[in-house]
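Below are the chains, spelled out letter by letter.
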Amino acid sequence: MSGRQNAKQRKAQIVAVVLRLADEIGPDRLSTTDVARAVGLSQPAVFRHFPTKGALWLAVAQDISARLQDGWAAAENAASGPQARLKALIRAQLAAIAETPALPSILFSRELQVDNPALRDVFRGVLGAYQSRLVAAIRDLQAARTLRSDTEAADVAVLLTSLVQGVAIRWSLGARSHSLVQEGLRLFDVQMALLTAQGGRVDGKTR
């Protein structure tokens, strides 16, 4: 095993530790001393891999971005038709949050919002990419007349993204005592039933 491979593995380990500690103690309270202690390195050793705390957070954001986009692509590839594709994208995002519980707190952290513009840019790009995938599926549904077309696809995508974020926050505040994916998909179905209503009718029945 080469030294380059060792360095790559060590960086991956450090990133994984940051995500775990961000969930346990919060991203804004997390220090490089905490990271070094958890990894079993000295603080200078951590800085040999990541020269600044900002660079470390940027690596964390890039890792999250890559895993999210891989998950979305896999979800879409396994789905048949725009309705299944849209639901698969929602499921993939909920599953990613369940697997990385620190994600919502990172998105609302001072590190992201104030201290690290590069980190903010990565997550802004990730959110934009996700919404673009949602919009494509929504437009296909509207074209097939299975989703009401009197609402902009981009607005529907924002509603669905907000649904995911809201369910994730409730899940976190509720001590993660229920299935995030199941609850999120249940509410997704409710939202879709409202969006497929045409002329005051749902499932062929007058409301």
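Per an unreviewed UniProt entry, the chain is named TetR/AcrR family transcriptional regulator, and its organism is Lutimaribacter degradans.

A.B. asks: Before we move on, can you summarise the overall build of the chain with the specific residues and values?
C.D. replies: Scanning the chain from terminus to terminus reveals 10 helices and two strands. Counting from the amino terminus, helix and strand elements in the chain follow one another as α-α-α-α-α-α-α-α-α-α-β-β. Here the chain holds 207 residues, and the buried ones make up 38% of them. Here the analysis covers contacts within the chain between residues at least 6 apart in sequence; of these, 64% occur between residues at least 24 apart. Carbon and sulfur atoms make up 52% of the accessible area of the chain, which totals about 11100 Å². For the chain, the distance from the average position of its 26 positive side-chain charges to the average position of its 18 negative side-chain charges is 2 Å.

A.B. asks: Would you mind going over the packing of aromatic side chains in detail, with residue names and values included?
C.D. replies: The relative placement of two aromatic rings is captured by the distance of their centres and the angle of their planes. In the structure shown here, the tally under the stated rule is one aromatic pair. Aromatic side chains tryptophan 72 and tyrosine 130 sit 4.9 Å apart centroid to centroid with 35° between the ring planes, which places their arrangement in the tilted category. Of this pair, tryptophan 72 sits in helix α4 (residues 53–78) while tyrosine 130 sits in helix α8 (residues 117–143), placing them 58 residues apart in sequence. Comparing tryptophan 72 with tyrosine 130, the two get one shared label, buried. Across from the ring centre of phenylalanine 50, 5.9 Å away, lies the NZ or CZ of lysine 11, which sits over that ring.

Here is what the cut-offs are and how they apply
Residues numbered from 1 in each chain as written. Predicted model: local features only at pLDDT ≥ 70, side-chain atom pairs only at ≥ 80, totals over all residues. Heavy atoms only, no water. Helix = DSSP H or I, 4+ residues; strand = E, 2+ residues; numbered from the N terminus. Buried < 20%, exposed > 50% of the residue type's maximum accessible area, 1.4 Å probe, protein only. Contact = heavy atoms within 4.5 Å. Areas by Shrake-Rupley, 256 points an atom, 1.4 Å probe, with all protein chains shown as cover. Lys, Arg positive; Asp, Glu negative; His and termini not counted. Charge placed at Lys NZ, Arg CZ, Asp CG, Glu CD. Phe/Tyr/Trp six-rings, centres within 6.5 Å; stacked < 30°, edge-to-face > 60°. Lys NZ or Arg CZ within 6 Å of the ring centre and 35° of its normal.

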